[in-house]
There are 4 protein chains.
Amino acid sequence: MKIRTDLAIEGKEILEEENKGKKIEIKGVEVDEDQYDEGVKVTRIKITDENGSRAIGKPIGTYITIEVDDLVDGHEERKQVAARALSNELSKLIKFHYNLKVLVIGLGNEKVTPDSLGPVTVSKVKVTRHIFIVTGAKGDDHVGCVSALSPGVMGTTGMETAELIKSAVSIVKPEVVIAIDALAARNVDRISTTIQLTDTGISPGSGTGNMRKDLTERTLGTKVVAIGVPTVIDSTTLILDNLEGYLKDPRGAYEHISKKGESMIVTTSDIDQVILNFSEVIANGINSTLHPGIYST
Amino acid sequence: MKIRTDLAIEGKEILEEENKGKKIEIKGVEVDEDQYDEGVKVTRIKITDENGSRAIGKPIGTYITIEVDDLVDGHEERKQVAARALSNELSKLIKFHYNLKVLVIGLGNEKVTPDSLGPVTVSKVKVTRHIFIVTGAKGDDHVGCVSALSPGVMGTTGMETAELIKSAVSIVKPEVVIAIDALAARNVDRISTTIQLTDTGISPGSGTGNMRKDLTERTLGTKVVAIGVPTVIDSTTLILDNLEGYLKDPRGAYEHISKKGESMIVTTSDIDQVILNFSEVIANGINSTLHPGIYST
Amino acid sequence: MKIRTDLAIEGKEILEEENKGKKIEIKGVEVDEDQYDEGVKVTRIKITDENGSRAIGKPIGTYITIEVDDLVDGHEERKQVAARALSNELSKLIKFHYNLKVLVIGLGNEKVTPDSLGPVTVSKVKVTRHIFIVTGAKGDDHVGCVSALSPGVMGTTGMETAELIKSAVSIVKPEVVIAIDALAARNVDRISTTIQLTDTGISPGSGTGNMRKDLTERTLGTKVVAIGVPTVIDSTTLILDNLEGYLKDPRGAYEHISKKGESMIVTTSDIDQVILNFSEVIANGINSTLHPGIYST
Amino acid sequence: MKIRTDLAIEGKEILEEENKGKKIEIKGVEVDEDQYDEGVKVTRIKITDENGSRAIGKPIGTYITIEVDDLVDGHEERKQVAARALSNELSKLIKFHYNLKVLVIGLGNEKVTPDSLGPVTVSKVKVTRHIFIVTGAKGDDHVGCVSALSPGVMGTTGMETAELIKSAVSIVKPEVVIAIDALAARNVDRISTTIQLTDTGISPGSGTGNMRKDLTERTLGTKVVAIGVPTVIDSTTLILDNLEGYLKDPRGAYEHISKKGESMIVTTSDIDQVILNFSEVIANGINSTLHPGIYST
């Protein structure tokens with residue numbers, strides 16, 4: 001029975017549950033953890049071979065999960081710590097140098113709140129490429145050459161999102177693409193507590209609407225770092241997760257529900273606050289990574 | 001087992017299902033139907049006594065359901081027919097006269113798409129009260145004296161929504177309040193096809209977030225007509241509805257799931273289009289009812 | 001002394017003013033007028049040679065001005081008449097056939113109200129290209145193959161807007177591009193009363209922000225029809241226009257003020273209503289032109 | 001000749017200009033200055049009697065101007081310094097104590113970018129009153145009891161804004177009202193560099209649209225602190241300011257232009273960035289003043 005999640009850390013949790021809660025060693029999967037500060041924890045999962053990939057249900061690569069307690073309602077410093085953690089981890093995936101060319105992509109539909117994380121974050125990222133073009137690269141400050149695009153969704157453009165992104169890549173020729181997207185999680189509590197970074201890009205079928213996105217180094221010809229926050233849970237997942245323990249034959253239940261509810265999204269009623277706060281944390285983390293001369297966290 | 005729905009017509013459907021699909025006569029409930037035009041159907045349910053109220057699960061009063069096929073994706077004329085139907089039905093509940101004083105309330109959180117129907121509709125309603133104040137009532141045109149308020153939600157104002165509305169009522173002293181709200185339905189297909197009008201106002205526990213709203217003639221001292229469109233389905237409802245037939249003991253399942261998912265909302269991925277189109281239909285219907293001299297549908 | 005305006009009809013008016021209000025024949029300029037209905041008037045200016053181009057201050061081509069009285073505050077029918085007029089005139093520039101490939105571009109910054117006409121209108125245009133791709137062209141209805149893009153502005157993307165549009169053109173290979181943009185007028189009264197259509201595309205230096213846009217058949221390799229509404233007046237224009245008659249030496253005044261206020265925009269305080277209503281009229285006009293099978297005006 | 005400005009510091013500057021640039025002592029006006037940090041300067045103007053009031057053109061009271069260099073485009077720390085300066089100055093006007101009751105009002109029209117400072121800032125202020133109501137005041141943390149309202153504008157509600165605010169005051173019975181509003185300045189450079197705090201509330205005729213606002217201790221029965229940022233300059237002011245020096249008789253010019261352009265607003269083309277950044281600075285400054293236990297700057 002397949003539980004849908006975009007989070008590698010949930011893939012690991014599912015394995016552990018199947019193993020009755022015991023931690024297990026999996027060939028091809030390396031895990032280490034870090035506590036940044038009170039309330040901010042980082043887990044790094046490295047999938048190194050096909051066996052690990054099958055076990056976790058994700059492509060080979062590095063998955064960094066930042067878990068933040070009470071980001072939406074809690075102390076303001078928590079947001080600063082989270083942005084600093086994100087910037088530190090991001091800096092390991094993207095090495096800054098002056099005039100570093102980065103294209104930041106905000107995936108999703110700005111008009112649907114739980115799908116708006118990408119475009120809202122992008123609107124807070126400091127774009128500088130046009131200044132480099134107008135003034136020339138002067139080298140007197142520690143800034144990157146950043147461009148950004150929120151390509152919309154197929155239903156509102158009539159175009160494949162990936163095609164528009166490829167065009168933007170061919171215009172700005174970035175050294176790295178950062179793709180920001182709303183994710184689907186299995187566990188409701190992940191909404192408003194979790195940020196995932198990965199160097200594997202974005203795979204088809206991920207995100208809020210099961211889009212046919214495939215944004216990877218293979219398809220774009222450039223390294224792709226994806227940053228996501230779970231904002232929805234799959235309705236199928238919700239149903240099965242709630243009935244866990246009650247059902248004798250979950251697989252049978254799965255067959256029964258798999259057809260309905262495919263275009264449904266399940267989110268929390270304070271999703272506007274989640275988007276407001278996480279977009280700020282991610283934008284601040286990106287800004288201080290790409291423009292260390294003018295931002296700090 | 002209680003299935004949550006804000007629609008009287010679904011209360012009736014549930015009764016019929018329990019009666020194995022056969023139409024039934026219920027004491028205290030009168031039903032009649034009308035076909036407005038291809039694709040637009042009206043069902044009027046009149047609950048006349050306590051027995052009918054218990055059977056349908058709604059207060060005594062009139063519930064008018066307008067069902068529209070393909071409003072979002074179909075022919076543009078469909079929207080005009082739907083607005084005309086709404087205006088016709090609304091005119092039976094609200095008798096227009098020159099300088100008719102109406103306060104239109106847009107309930108819900110504009111920043112959360114499935115909860116934004118009220119505020120978005122209100123932004124398209126033609127407000128005229130300030131013109132009456134400035135120029136005096138001249139009586140040379142067929143217009144009502146309309147004011148409007150989107151009071152926000154308790155989480156963003158810190159105040160009871162009902163208290164703010166009572167204040168507005170005491171400022172404008174309307175002959176009737178029209179309250180627009182996003183509703184919860186049981187059946188997914190209701191999202192994007194259904195408008196409900198009722199002269200009973202809005203009861204506590206309805207809408208997207210189970211708010212403590214109670215906007216009725218009793219609490220406001222003025223007649224309250226509520227107009228709503230289902231934009232969410234209850235996650236509990238989703239779960240049970242999907243497992244209907246599979247479960248031997250749905251009541252037992254209900255116990256199992258009732259605690260989780262309380263703050264979750266379940267909606268469709270094209271909810272932005274639903275809000276865009278239905279807000280236009282409702283605003284047009286209201287405008288031509290309250291300002292017949294300048295609008296027609 | 002150059003007065004800045006994006007409207008050909010104002011170019012003509014300026015000539016007439018210089019000629020003390022008398023109508024004049026200009027070589028290379030043909031003018032005809034039509035009254036569509038009470039309150040909706042159409043003026044067609046055809047610039048046929050270089051002389052006409054110099055006189056009016058616009059490239060050779062056709063400029064259609066639709067003037068609408070009281071569109072924002074007046075009778076609702078006025079909007080329908082305006083949409084019908086727009087559709088009629090647009091149909092002369094774009095011949096509909098089944099599966100007609102059109103790319104609609106919404107220029108400007110959605111976050112700055114007077115610059116948001118393009119993106120807001122595009123969000124109301126019916127996009128169908130992805131349906132053609134998924135289902136194949138079936139030919140059973142009168143619909144065009146429409147895609148749409150709001151490319152943002154250079155300050156928020158770091159990319160030349162024209163480059164992004166060229167990419168979209170190479171993806172969808174349209175037979176015609178429709179570009180929607182907010183315009184600058186000389187006369188304040190033009191804001192909220194005027195729509196301009198032209199088959200000449202968009203020239204550099206037009207619009208709200210003096211952008212370096214150049215969207216023409218020459219640069220895009222496809223016919224470009226531009227639709228615009230004045231939403232700003234140039235601050236220089238405002239100053240000089242207001243002091244007309246008072247100043248002895250307007251040219252001297254022009255020198256004096258030309259440096260300041262370059263990045264300023266001047267608009268009306270009800271610009272939100274202007275955008276709301278004109279975006280609806282333009283989107284309806286476009287939809288009924290490109291999808292005659294499902295829309296009518 | 002009256003130059004329109006909502007800033008006391010500009011009233012002082014105008015006096016100095018008339019005095020050929022020399023600093024002057026004015027009876028009834030006390031001025032002192034502070035440098036907070038590189039790029040952030042505070043000027044406190046205290047108007048102590050009617051003479052000072054006439055000279056500066058503002059009611060008796062304290063006006064604190066925070067001037068910030070490069071807030072929109074510069075170093076991120078600048079924003080933090082500005083928020084800290086605002087919080088420090090605000091703390092002198094509002095003494096924090098646990099459970100301090102404050103009502104924050106966001107004046108203006110959210111749908112018109114240069115008029116949206118109030119509502120956008122309010123959406124970022126931490127509202128807590130409903131939590132106090134639900135959980136009771138526990139006293140275990142350093143938080144205020146904050147409610148908030150964005151009452152809209154008369155054109156969209158049909159009601160006097162001041163009446164709605166009075167209602168909210170009677171609901172929450174605050175010890176102090178904070179009113180946030182977009183202001184008009186004389187000098188273009190003030191847009192994006194200046195924040196004004198005052199304990200005099202808001203006088204009629206101020207702000208972007210010359211509204212009939214009168215929010216003072218006299219009208220609300222509660223202390224009113226106003227926080228504003230200039231986002232528009234008056235078109236009359238723009239005209240005269242630009243022609244200063246050129247005109248022999250500015251008073252005559254003023255007569256000439258005073259009728260036109262009354263409903264016009266003049267703003268900068270990057271006003272979206274101004275609103276985005278200043279709303280964050282003001283919300284952070286308010287949050288750390290009213291909830292010192294959970295925010296710091």
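As the structure is a computational prediction, the values presented were derived from the model and not from experiment.

Rules used throughout
- Residues numbered from 1 in each chain as written.
- Chains lettered and ligands numbered in written order.
- Predicted model: local features only at pLDDT ≥ 70, side-chain atom pairs only at ≥ 80, totals over all residues.
- Heavy atoms only, no water.
- Buried < 20%, exposed > 50% of the residue type's maximum accessible area, 1.4 Å probe, protein only.
- Helix = DSSP H or I, 4+ residues; strand = E, 2+ residues; numbered from the N terminus.
- Pairing = 2+ DSSP bridges.
- Expected span 1.5 Å × (residues − 1).
- Contact = heavy atoms within 4.5 Å.
- Salt bridge = Lys/Arg side-chain N within 4 Å of Asp/Glu carboxyl O.
- Phe/Tyr/Trp six-rings, centres within 6.5 Å; stacked < 30°, edge-to-face > 60°.
- Axes fitted to C-alpha atoms, helices over the stretch in contact; angles between N-to-C directions.
- Parallel < 35°, antiparallel > 145°, perpendicular 65-115°, else oblique.
- Left-handed = near helix turned anticlockwise from the far one by under 90°.
- Patch = residues over 30% accessible without salt bridge, like charges linked within 9 Å, V, L, I, M, F, W, Y side chains within 5 Å.
- Areas by Shrake-Rupley, 256 points an atom, 1.4 Å probe, with all protein chains shown as cover.
- Lys, Arg positive; Asp, Glu negative; His and termini not counted.
- Charge placed at Lys NZ, Arg CZ, Asp CG, Glu CD.

Participant: Can you lay out the pairing of strand 3 (residues 61-68) of chain D for me, pointing to particular residues and giving the numbers?
Facilitator: All names here are of chain D. In terms of burial, strand 3 is largely enclosed, as 8 of its 8 residues are buried. Judged by which residues are buried, strand 3 turns out to be covered on both faces: Gly61, Tyr63, Thr65 and Glu67 on one side and Thr62, Ile64, Ile66 and Val68 on the other are all buried. For strand 2 (residues 40-47) and strand 3, the ladder comprises 8 bridges, and the chain directions are antiparallel. Each residue of the ladder has a partner; that of Lys46, found in strand 3, is Thr62. Of the pairings in the sheet, the one linking strand 3 to strand 7 (residues 194-198) comprises 5 bridges and is antiparallel in character. Bridge pairing in strand 7 places Ile64 opposite Leu197.

Participant: Any details on helix 3 (residues 76-93) of chain D? Residues and values, ideally.
Facilitator: The end-to-end C-alpha distance of helix 3 of chain D is 27 Å, a good match for the 26 Å that 18 residues give at a rise of 1.5 Å each. Buried within helix 3 of chain D are the following residues: D:Glu76, D:Arg78, D:Lys79, D:Val81, D:Ala82, D:Ala83, D:Ala85, D:Leu86, D:Ser87, D:Glu89, D:Leu90 and D:Leu93.

Participant: Any details on the environment of B:Leu103? Residues and values, ideally.
Facilitator: One can find B:Leu103 in strand 4 (residues 101-106). Sequence separation between B:Leu103 and B:Pro174 is 71 residues; the distance between their C-alpha atoms is 5.9 Å. The contact partners of B:Leu103, leaving out residues within four places of it in the chain, are B:Ser147, B:Ala148, B:Leu149, B:Ala168, B:Val169, B:Val172, B:Pro174, B:Val176, B:Val177, B:Ile178 and D:Met159.

Participant: So, the pattern of salt bridges: which residues are in play, and what are the values?
Facilitator: For the coordinates displayed, the defined rule picks out 56 salt bridges over all chains. For the salt bridge of A:Arg190 with A:Glu10, the shortest nitrogen-to-oxygen distance reads 3.7 Å. In this pair, A:Arg190 is assigned in the loop between strand 6 (176-185) and strand 7 (194-198) and A:Glu10 in helix 1 (residues 8-18), connecting sequence segments 180 residues apart. Among the residues examined, A:Arg190 registers a relative accessible area of 7% and is labelled buried. The closest approach of N and O atoms between C:Lys111 and A:Glu110, which form a salt bridge, is 3.2 Å. You can see C:Lys111 sitting in the loop between strand 4 (101-106) and helix 4 (117-122) and its partner A:Glu110 sitting in the loop between strand 4 (101-106) and helix 4 (117-122), one on each of two chains. Sharing partners across several salt bridges, the network here consists of A:Asp32, A:Asp34, A:Arg44, A:Glu89 and A:Lys92.

Participant: Describe the packing of aromatic side chains, listing the residues and the values that go with them.
Facilitator: Residues and elements named next belong to chain C. In total, this model carries 4 aromatic pairs over all chains according to the counting rule given. A ring pair is formed by Tyr98 and Phe132, whose centres lie 5.9 Å apart and whose planes are at 50°; its orientation type is tilted. Highlighted residues: Tyr98 in the loop between helix 3 (76-93) and strand 4 and Phe132 in helix 5 (residues 129-135), separated in sequence by 34 residues.

Participant: Describe helix 7 (residues 161-172) of chain C, and please don't skip the residues or the numbers.
Facilitator: All names here are of chain C. Between its first and last C-alpha, helix 7 extends 17 Å over 12 residues, near the 16 Å set by a 1.5 Å rise per residue. Within helix 7, 9 of the 12 residues are buried, which leaves the element mostly enclosed by the surrounding structure. All buried positions along helix 7 are accounted for by Thr161, Ala162, Leu164, Ile165, Ser167, Ala168, Val169, Ile171 and Val172. Count one or two residues on from helix 7 and you reach Lys173, which has phi positive near 45°.

Participant: How would you sum up the packing of helix 7 (residues 161-172) of chain B against helix 7 (residues 161-172) of chain D? Please name residues and give values.
Facilitator: For the pair helix 7 of chain B and helix 7 of chain D, interaxial distance at closest approach is 10 Å and the crossing angle is 135°. Taken together, the axis directions place helix 7 of chain B and helix 7 of chain D in an arrangement best described as oblique. Seen along the crossing, helix 7 of chain B lies across helix 7 of chain D with a hand that is right-handed. Along its contact with helix 7 of chain B, which presents B:Glu163, B:Leu164, B:Ser167 and B:Ile171, the element helix 7 of chain D presents D:Glu163, D:Leu164, D:Ser167 and D:Ile171.

Participant: With reference to specific residues and values, describe a negative patch on the surface.
Facilitator: Residues and elements named next belong to chain A. A cluster of acidic side chains, namely Asp37, Glu38, Asp69, Asp70, Asp73 and Asp270, defines a negative patch on the protein surface. Mapped onto the fold, Asp70 is located in the loop between strand 3 (61-68) and helix 3 (76-93). Judged by relative accessible area, which is 52%, Asp70 ranks as exposed.

Participant: How would you sum up the environment of D:Leu15? Please name residues and give values.
Facilitator: Residues and elements named next belong to chain D. Inspection of the secondary structure puts Leu15 in helix 1 (residues 8-18). For the pair Leu15 and Val176, spaced 161 residues apart in sequence, the C-alpha to C-alpha distance is 32 Å. Beyond its immediate sequence surroundings of up to four residues, Leu15 is in contact with Ile24, Ile26, Ala55 and Ile56.

Participant: Can you explain the side chain of A:Glu10? Please cite residues and give values.
Facilitator: A relative accessible area of 0% places A:Glu10 in the buried class. In contact with A:Glu10, other than residues within four places in its own chain, are A:Thr5, A:Ala185, A:Arg186, A:Asn187 and A:Arg190.

Participant: Mind laying out the pairing of strand 8 (residues 223-233) of chain C, listing which residues take part and the relevant values?
Facilitator: In the case of a regular strand, side chains alternate between the two sheet surfaces. Residues and elements named next belong to chain C. The buried count for strand 8 comes to 10 of 11 residues, which makes it a mostly enclosed element. As paired elements, strand 6 (residues 176-185) and strand 8 share 10 bridges and run parallel to each other. Note that in strand 8 the partner of Leu183 across the bridge is Pro230. Here strand 7 (residues 194-198) runs beside strand 8; their pairing, made up of 3 bridges, is antiparallel. Residue pairing for strand 8: Gln196 is matched across the bridge by Gly228.

Participant: Kindly report on unusual backbone geometry, identifying the contributing residues and their values.
Facilitator: Phi is mostly negative for residues that are not glycine, and the peptide bonds are mostly trans. With a phi close to 45°, C:Lys173 is a non-glycine residue in the positive phi region. Along the chain, C:Lys173 falls in the loop between helix 7 and strand 6. Given a relative accessible area of 60%, C:Lys173 falls into the exposed group. Here D:Ser192, not a glycine, exhibits a phi torsion of approximately 90°, which is positive. For D:Ser192, the location among the structural elements is in the loop between strand 6 (176-185) and strand 7.

Function cannot be read off these values alone, since they describe shape.
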